[in-house]
Amino acid sequence: MFCTLRTFRRPLRRNRRPSAGTSAALLVRVRGRVAALRGDRGMTTSEYAMGTIAACAFAAVLYKVVTSGAVTQALEAVIGRALDVQF
């Protein structure tokens, strides 16, 4: 017996009655969670905006730290020692 694509595709059954092991309270909770997830439209856009702002703020702080006098002198000293190494 060969399996075809039709044997795997079954039509969606909507408004089915729950099976004997499924409680009505469970179905109500699941439907409530699905409805709550559908209500969060537009949330991802604000999350991306907040993430972008946080990344820019972190980059600005990092730039200030790296271009400060102490860090610049330390980096110049490390590079100077690396260039003065005798082989």
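Residues numbered from 1 in each chain as written. Predicted model: local features only at pLDDT ≥ 70, side-chain atom pairs only at ≥ 80, totals over all residues. Heavy atoms only, no water.

## What to know about the overall build of the protein chain
- From N to C terminus, the protein chain includes 4 helices and 0 strands.
- When the helices and strands of the protein chain are listed from N to C terminus, the series reads α-α-α-α.
- Working note: accessible area of the protein chain is about 9000 Å², and carbon and sulfur atoms make up 64% of it. (Helix = DSSP H or I, 4+ residues; strand = E, 2+ residues; numbered from the N terminus. Areas by Shrake-Rupley, 256 points an atom, 1.4 Å probe, with all protein chains shown as cover.)

## Details of a nonpolar patch on the surface
- Taken together, F58, V61, L62, V65, V66 and L75 make up a surface patch of nonpolar side chains, about 560 Å² in accessible area.
- Within the element layout of this structure, V61 appears in helix α3 (residues 43–66).
- Here V61 falls in the exposed class, since its relative accessible area comes to 52%. (Patch = residues over 30% accessible without salt bridge, like charges linked within 9 Å, V, L, I, M, F, W, Y side chains within 5 Å. Salt bridge = Lys/Arg side-chain N within 4 Å of Asp/Glu carboxyl O. Buried < 20%, exposed > 50% of the residue type's maximum accessible area, 1.4 Å probe, protein only.)

## Some remarks on the confidence of the model for the protein chain
- Counting all residues, the mean pLDDT for the protein chain is 77, and 66% of those residues have values of 70 or more.
- Here helix α1 (residues 5–8) stands out as the element of the protein chain with the lowest mean pLDDT, 50, in contrast to helix α4 (residues 69–83), whose mean of 92 is the highest. (pLDDT = per-residue confidence, 0-100.)

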